[in-house]
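These are the residues of each chain, in order.
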Amino acid sequence: MQLRLFSGLILFIFVLTHLLNHMAGLHSVAWMNDGLVAFELVWRSLPGTVLLYGSLLVHLVLAVVTLWRRDNLTMNWRDGLQIGLGLLVPLLVAGHVAGTRLAWEFYDTVSSYDLVLLYNWITNPVAGIQLAVLVVAVWLHGVMGLRHWLRLKPWFREASPWLFAASILVPVLGLLGFVQGGRAVEAFATDPDWTLQLYTRANLLETRNDVVAMVNAAQPAVLTALSVVLVLIALGRPLRTALARKRLPVRISYPHGHHVDIQRGVSVLEASRRGRIPHASVCGGRGRCSTCRIRVGTGLNALQPPHSDESRVLERIKAPDDVRLACMLRPTADITVTPLLAPTGSGDRVLSSHLPRGGEEREIAVLFADLRGFTSLSEEQLPYDTVFVLNRYFAAMGAAIEEAGGHVDKFIGDGVMAIFGLQGDFELAKQQSLVSAANMARALDRLNESLADDLPQPLRMGIGIHAGAAVVGEMGYGSTLGMTAVGDVVNTASRLEASTKEFGAQLVVSEAVLGNTKAEDPCSERHEISIRGRRGMLAVRAYAAATDVIRQTATG
Ligand code: FES
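Residues numbered from 1 in each chain as written. Predicted model: local features only at pLDDT ≥ 70, side-chain atom pairs only at ≥ 80, totals over all residues. Heavy atoms only, no water.

Undergrad: Before we move on, can you summarise the environment of aspartate 34 with the specific residues and values?
TA: Tracing the backbone shows aspartate 34 in helix H2 (residues 29-43). Residue aspartate 34 is classed as exposed on the basis of its relative accessible area of 54%. Put simply, aspartate 34 and tyrosine 113 are 79 residues apart on the chain and 9.6 Å apart in space, counted from C-alpha to C-alpha. (Helix = DSSP H or I, 4+ residues; strand = E, 2+ residues; numbered from the N terminus. Buried < 20%, exposed > 50% of the residue type's maximum accessible area, 1.4 Å probe, protein only.)

Shown next, in the form of structure tokens:
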């Protein structure tokens, strides 16, 4: 996995520097040639050559191995497109490599942009079109790979507009530079002396026919090699399956008496899919998340030890010896397994609906909730696992809020804001917000139970609720447009949520929400707090357990 990433990064840097060199054509061919000197200094040096061609070889071999090892060739369109583009690249680049690098190695030619542009723009424009397609294919392939790697980095969301702009600008400007250079060379080539001098400088006067023959032979040779590999994979896979079927199948037994029989070499995750047994796999079986992890019961000793990619993930989550990754484990003997994470967490956002349009003042209740200590927890986990836990938390909290009749306004980091009273009944809104707080506390308990083996400590949260008048309406811009509320009530609810830390409470709720019914509430402590920007003190009640607020309402 790391090798594929590293080799991909080297190839991406090579393509990027090449396109930057093309961009110089927007100024002049002379600038392109100046850039080429630096480009060749790096990539034609011994370390540059080893790095570049080593990465190319490793990347190609790993792609073929991945295709061979896949349990099936069904894949989503993104993976299919990325693999297809990757296979197209060697085919399209073959002639160009033969005419530049190989000609330099075997015929001692001297490369220059004049020469490459003359060939691809004038002598053989079809080759020029292929190069343009190559630029798009190789760039798209690289950008897709980079995006998949970076998308869960904390800074990615903020940087993505810039990265997106760069991902469009670089190839477009590179191609425009190439076109501009081609037009300049077209003008130079009207002078026969210029062409003669160019061939002389390039050391091509006597070797030109040989080099052209090599260029013409390169693409068919790569096409043949690629076809042979793909045909071998296409024929070999069914053969492998047929041979595997002849061997005794392996039985994977799951809880509740389910079992799936598979051939050796098939992963446990694939077994779950074949048996339609729900199984979490946030990264899609790429060994990058650990959400597919299973506890192995019987048959543990007969398993191969985890290889390096699996070990790295298991070490990172400090998994005990009987825990393995289902997407990586290919059992050779019968085993019993228990998937450790419920398959309800996905990469999808939990969305809310029923948004009223237009801004207006309403009396509403606002609830803020925030996870305690989640930052340190996320530092100990893989990003995918953090997403998994967060999505399960959001799903649980979203359901608890909506069950009580509230509207999930937004999720902010590991926090959530909810609004009650959009339908206009203020008393009902306040009651719903309290019910929601209790629901959320119970939902968190259930979530902690189901994640007990996977979290270093249970999740904790603080909830703040306040009620009053606020302006409710659609706000934002473009794709961020959405319904929300603004006003003192929102800021105050947020401040009350923060005050749960000071009071060591799970819930802090203003007496504006509780009304008179809580005057003698023995389950809570009464405090008066100041809120920045607000005159006077605010009377609040702090509850150690949010469920007490409802218990007391029911009895009081
Ligand atoms: S599915 Fe992500 S590690 Fe297995």
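Undergrad: Go over the layout of surface pockets, please, and point to the residues and values.
TA: By volume, the second largest pocket amounts to about 570 Å³. Around the second largest pocket, the lining comprises 26 residues; the ones closest to its centre are Gly95, Gly99, Tyr119, Asn120 and Val215. The class makeup of the residues in the lining of the second largest pocket is 13 nonpolar, 12 polar and 1 charged. (1 Å grid on protein atoms, 1.4 Å probe; cavity = no way out; pocket = protein on both sides within 12 Å on 5 of 7 lines; lining within 4 Å. Points joined across faces, edges and corners; volume = space filled by probe spheres on them. Nonpolar A, V, L, I, M, F, W, Y, C, P; charged D, E, K, R; others polar.)

Undergrad: Quick one: what's the story with the confidence of the model for the protein chain, residue by residue and with numbers?
TA: Here the protein chain averages 86 in pLDDT, and 91% of its residues register 70 or above. Segment residues 345-358 is flagged for pLDDT under 50; beyond a separation of four residues in sequence, or across chains, it makes 26 contacts in the model. (pLDDT = per-residue confidence, 0-100. Contact = heavy atoms within 4.5 Å.)

Undergrad: Outline the pairing of strand S1 (residues 250-253), supporting the account with residue identities and numerical values.
TA: Side-chain alternation along S1 places Val250 and Ile252 on a buried face and Arg251 and Ser253 on a face that remains uncovered. Relative to strand S2 (residues 259-262), S1 is paired through 4 bridges, and the arrangement is antiparallel. Bridge assignment links arginine 251 to a residue of S2, and that residue is aspartate 261. Here S1 hands over to S2 after 5 residues, with histidine 256 in that stretch at a positive phi of 65°. As paired strands, S1 and strand S5 (residues 335-339) are joined by 2 bridges and run parallel to one another. Looking across to S5, one finds that serine 253 is bridged to threonine 336. (Pairing = 2+ DSSP bridges.)

Undergrad: For the nonpolar core, give the residues involved together with the corresponding values.
TA: The biggest cluster of nonpolar side chains holds 48 residues, and the ones touching the most others in it are Tyr393, Met440 and Ile463. Only strand S6 (360-372), helix H12 (374-380), helix H13 (383-403), strand S8 (415-420), helix H14 (426-450), strand S9 (460-475), strand S11 (507-510) and helix H16 (511-514) provide two or more residues apiece to this core. Each of two domains, domain 2 (250-339) and domain 3 (360-555), supplies a minimum of three residues to this core. (Core = buried A, V, L, I, M, F, W, Y, C linked by side-chain atoms within 4.5 Å. Domains from an automatic or database assignment.)

Undergrad: Which residues make up the domain arrangement of the protein chain, and what values go with them?
TA: Per the domain assignment, the segments making up the protein chain are domain 1 (2-237), domain 2 (250-339) and domain 3 (360-555). One C-alpha centre belongs to domain 1, the other to domain 2; they are set 40 Å apart. The interface is formed by 7 residues belonging to domain 1 together with 9 residues belonging to domain 2. Across the interface of domain 1 and domain 2, roughly 770 Å² is buried in total on both sides, 25% from carbon and sulfur atoms. Counting across the interface, domain 1 meets domain 2 through 0 salt bridges. For the side of domain 1 that touches domain 2, a count of residues per class yields 1 nonpolar, 3 polar and 3 charged. (Buried area = accessible area lost by both parts, 1.4 Å probe. Salt bridge = Lys/Arg side-chain N within 4 Å of Asp/Glu carboxyl O.)

Undergrad: If you had to explain the sheet that holds S1 to someone new, which residues and values would you point to?
TA: The strand order S2-S1-S5-S3-S4 describes an open sheet built from 5 strands, whose pairing is mixed. Each end of this open sheet is capped by a strand with a single partner; those strands are S2 and strand S4 (323-325). Here the strands of the sheet are splayed against their neighbours by 35° on average, with no regard to which way each runs. (Axes fitted to C-alpha atoms, helices over the stretch in contact; angles between N-to-C directions.)

Undergrad: Requested: an account of the packing of aromatic side chains, with residues and values cited.
TA: For the structure on display, the rule yields 6 aromatic pairs. Plain terms: the ring middles of phenylalanine 188 and tryptophan 194 are 5.5 Å apart, the flat faces sit at 45° to each other, and that makes the pair tilted. You can call tryptophan 194 buried: its relative accessible area is 15%. Taken together, the aromatic side chains of Phe14, Phe39 and Trp43 make up a single cluster linked through ring pairs. The side chain of arginine 44 reaches across the aromatic face of tryptophan 104, ending 4.6 Å from its centre. In this structure, arginine 240 is placed above the aromatic ring of tryptophan 68, and the distance from its NZ or CZ to the ring centre is 4.7 Å. (Phe/Tyr/Trp six-rings, centres within 6.5 Å; stacked < 30°, edge-to-face > 60°. Lys NZ or Arg CZ within 6 Å of the ring centre and 35° of its normal.)

Undergrad: Please give an account of the pattern of salt bridges that cites residues and values.
TA: Side chains bearing opposite charge may pair, as long as their charged atoms lie close to each other. Inspection of the entire model under this criterion finds 15 salt bridges. A salt bridge links glutamate 105 to arginine 101, with the shortest nitrogen-to-oxygen separation between them at 3.0 Å. With a gap of 4 residues between them, glutamate 105 and arginine 101 both fall in helix H4 (residues 77-107), about one helical turn apart. Relative accessible area serves as the criterion here: at 43%, glutamate 105 is assigned to the partly exposed category. The closest approach of N and O atoms between lysine 410 and aspartate 409, which form a salt bridge, is 2.7 Å. Accessibility expressed as a relative area gives 34% for lysine 410, which makes it partly exposed. A single salt-bridge network, built from bridges that share partners, covers Glu511, Arg526, Glu528 and Arg541.

Undergrad: Describe the side chain of serine 524, with residues and values.
TA: Inspection of the secondary structure puts serine 524 in strand S12 (residues 524-530). The class for serine 524 is buried, based on a relative accessible area of 12%. A polar contact of 3.3 Å, which involves the side chain of serine 524, links it to the side chain of arginine 541. In contact with serine 524, not counting residues within four places along its chain, are Arg541, Ala542 and Tyr543. (Polar contact = N/O pair within 3.5 Å; in protein donor to acceptor, adjacent residues only side chain to side chain.)

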